[in-house]
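Descriptive analysis of the structure
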Amino acid sequence: MRPDLRDQGDEARLCYLAMREAGIDADTVFQRAGLRPERLADPDLTFSHAAQIEFWIAAEAVSGDPDVGLTVGEHMRPRSGHVLQYLYLTSRDFGTGIDRALTYQRLQSDAANNRLGRDRHGAYLAIRSREPRVNRARHLMECHVCGTIAFFRSVTDDEFAPTRIEWMCEPPADVARRERFFGCPVIYGAAENRLYFDPALLKRRSRHAEPELFEITERIARERLERIRHRDFVEPVRRAIGELLPAGKADLERVAERLNLSPTQVRARLVSAGTNFSRELSRHRRRLACDLLADTDTRIEDIVRLTGFSEPSTFYRAFKRWKGETPVQYRERMHAAAARRRATRRERHTAGA
């Protein structure tokens, strides 16, 4: 699977909330998938699309629920406050909103390759990932379709209703549960993941449509898409920093050499992406240090080396600037929080036994 494809953090945040509402230990699921729950507050959060498979494997293992995707999906709230929501609301009609959203679907994921179609069953949205394995991931696709339906209902004043759903994956044991929940035929083993609906909805007028707002949301979507395109360069820089840092050689010149560019070119392209080399180096050091302190028992002397600092005193000053506390205080606080979570899980398990 391509490690360079990234998903935006919006759906992860909604999934986290849905898991908690469903009574699933969301913190453990996210941690097993390599994503610290506290990072969900970061508005610029992205994560590897390839991690989706492992995420849902962890979700089933932690929950013990063979239908965890649908269980979480039943609690998915519609995405709100996102530019994609306003693309729908300010469009002339629902069909125009879908067309605009498809133009800017990369605002959700680098891997999104959805399309609008129509056949003898009606109009449909084909939900497609550029990663073939993801298209057959049942938990992910069931949850994603639930979220899509909730979103479509929110932008059509609850008029949207699925008329047929097709999935590429193998059928679960309880297909009837899906048909009861969605209120329509559900087909497995299909050639493509499709969410069908009444074609008349494409002409449904939006009561929020307004030409001036239409232009404003279009401009915002273009600007955000441009920032994502700039990010395509930032990610290789971040990877190079991560690879060079343990040896203490993550400076601009060596990163540029690894990317077959001049330092001036790297500097200029980072500025175009709204960042700079010092900020990216500090960002990586901070994240690595926090992860090692919170999740491992790695000695602080070794963390100093792994984060590329020459002296412990320099590391301590930087960490105090980042987090407002010393590395030892941070480790103690994070380990205590993890112990409380484990105790809570044991209590819940004992109560449910």
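Since the structure is predicted, the reported quantities are computational estimates derived from the model, not experimental observations.

Cut-off values and rules
- Residues numbered from 1 in each chain as written.
- Predicted model: local features only at pLDDT ≥ 70, side-chain atom pairs only at ≥ 80, totals over all residues.
- Heavy atoms only, no water.
- Phe/Tyr/Trp six-rings, centres within 6.5 Å; stacked < 30°, edge-to-face > 60°.
- Helix = DSSP H or I, 4+ residues; strand = E, 2+ residues; numbered from the N terminus.
- Buried < 20%, exposed > 50% of the residue type's maximum accessible area, 1.4 Å probe, protein only.
- Lys NZ or Arg CZ within 6 Å of the ring centre and 35° of its normal.
- Expected span 1.5 Å × (residues − 1).
- Arc of directions from axis to C-beta.
- Pairing = 2+ DSSP bridges.
- Salt bridge = Lys/Arg side-chain N within 4 Å of Asp/Glu carboxyl O.
- Axes fitted to C-alpha atoms, helices over the stretch in contact; angles between N-to-C directions.
- Parallel < 35°, antiparallel > 145°, perpendicular 65-115°, else oblique.
- Contact = heavy atoms within 4.5 Å.
- Nonpolar A, V, L, I, M, F, W, Y, C, P; charged D, E, K, R; others polar.
- Core = buried A, V, L, I, M, F, W, Y, C linked by side-chain atoms within 4.5 Å.

Points about the packing of aromatic side chains
A full pass over the atoms with the stated rule returns 22 aromatic pairs. Relative to Phe-30, the ring of Tyr-16 has its centre 5.4 Å away and its plane inclined at 85°; by these criteria the two rings are edge-to-face. On the criterion of sequence distance, the pair formed by Tyr-16 in helix 1 (residues 10-21) and Phe-30 in helix 2 (residues 26-32) is long-range, its members being 14 residues apart. A relative accessible area of 1% means that Phe-30 is categorised as buried. Each member of the aromatic cluster is reached from another via a ring pair, and the members are Tyr-88, Phe-94, Phe-151, Phe-152, Phe-160 and Phe-197. Above the ring of Phe-214, the side-chain terminus of Arg-100 is found at 3.6 Å from the ring centroid. Between Arg-285 and the ring centre of Phe-309, over which it is positioned, the NZ or CZ distance is 4.2 Å.

Examining helix 15 (residues 312-323)
For helix 15, spanning 12 residues, the distance from its first C-alpha to its last is 16 Å, which sits close to the expected 16 Å at 1.5 Å a residue. Of the residues making up helix 15, those classed as buried are Phe-315, Ala-318, Phe-319 and Trp-322. The arc that holds the buried residues of helix 15, viewed along the axis, is 100°, so those residues lie on one side. Facing away from the buried side of helix 15 by over 90 degrees, the exposed positions are Arg-317 and Arg-321. Backbone geometry just downstream of helix 15 places Gly-324 in the positive-phi region, at approximately 75°.

Structural notes on the pairing of strand 5 (residues 162-166)
Most of strand 5 sits inside the fold, with 4 of its 5 residues counted as buried. Looking at chain direction, strand 5 and strand 7 (residues 194-197) are connected through 4 bridges and run antiparallel. Bridge assignment links Arg-164 to a residue of strand 7, and that residue is Tyr-196. The sheet contact formed by strand 5 and strand 6 (residues 186-187) spans 2 bridges and is parallel. Within strand 6, the residue paired with Ile-165 across the bridge is Val-186.

A look at the pattern of salt bridges
In this structure the tally under the stated criterion is 27 salt bridges. Two residues, Arg-39 and Asp-291, come together in a salt bridge whose shortest N-O distance is 2.9 Å. One end of the pair, Arg-39, is in the loop between helix 2 and strand 2 (46-48); the other, Asp-291, is in helix 13 (residues 277-295), and 252 residues separate them in sequence. Look at Arg-39 and you get buried, because its relative accessible area is 16%. Look at Asp-291 and you get partly exposed, because its relative accessible area is 21%. Residues Glu-235 and Arg-238 are paired through a salt bridge, measuring 3.1 Å at the closest nitrogen-oxygen approach. Pair noted here: Glu-235 and Arg-238 are both in helix 10 (residues 211-244), with a separation of 3 residues, about one helical turn. Taken together, the shared-partner salt bridges connect Asp-67, Glu-74, Arg-138, Glu-142, Arg-177 and Arg-178 into one network.

Points about the packing of helix 13 against helix 15
It is at 11 Å that the axes of helix 13 and helix 15 come closest, and there the two elements cross at 90°. In this view, helix 13 runs roughly perpendicular relative to helix 15, as classed from their interaxial angle. Here Ser-282, Arg-285, Arg-286, Ala-289, Cys-290 and Leu-293 of helix 13 lie close against helix 15, whose contacting residues are Phe-315, Phe-319, Trp-322 and Lys-323. Partitioning the contact of helix 13 with helix 15 into residue classes produces 6 nonpolar, 1 polar and 3 charged.

Focus: helix 3 (residues 51-63)
Given a rise of 1.5 Å per residue, 13 residues ought to cover 18 Å, and the 18 Å separating the end C-alpha atoms of helix 3 matches this to within 8%. Listed as buried for helix 3 are Gln-52, Ile-53, Phe-55, Trp-56, Ala-58 and Ala-59.

A look at the pairing of strand 3 (residues 115-119)
Here 5 bridges tie strand 3 to strand 4 (residues 122-126), and the two strands are oriented antiparallel to one another. Residue pairing across strands places Leu-116 opposite Leu-125, the latter belonging to strand 4. If you look at the hairpin formed by strand 3 and strand 4, you'll find 2 residues sitting between the two strands.

Here's the deal with the nonpolar core
Formed by 63 residues in total, the largest nonpolar core has its most connected members in Met-19, Trp-56, Val-72, Phe-94, Trp-167 and Phe-182. Considering each element in turn, this core owes the most residues, 9 residues, to helix 8 (residues 138-155).

Focus on the sheet that holds strand 4
If you trace the 5 strands from one edge of the open sheet to the other, you get 3-4-7-5-6, paired in mixed fashion. With partners counted over all chains shown, the strands left at the sheet margins are strand 3 and strand 6, one partner each. With 4 bridges connecting them, strand 4 and strand 7 associate as antiparallel partners. Across the sheet, the residue bridging to Tyr-124 is Tyr-196, located in strand 7. In this fold helix 6 (residues 94-103) packs onto strand 3, strand 4 and strand 7, with an angle of close to 135° to the strand it touches most, strand 3.

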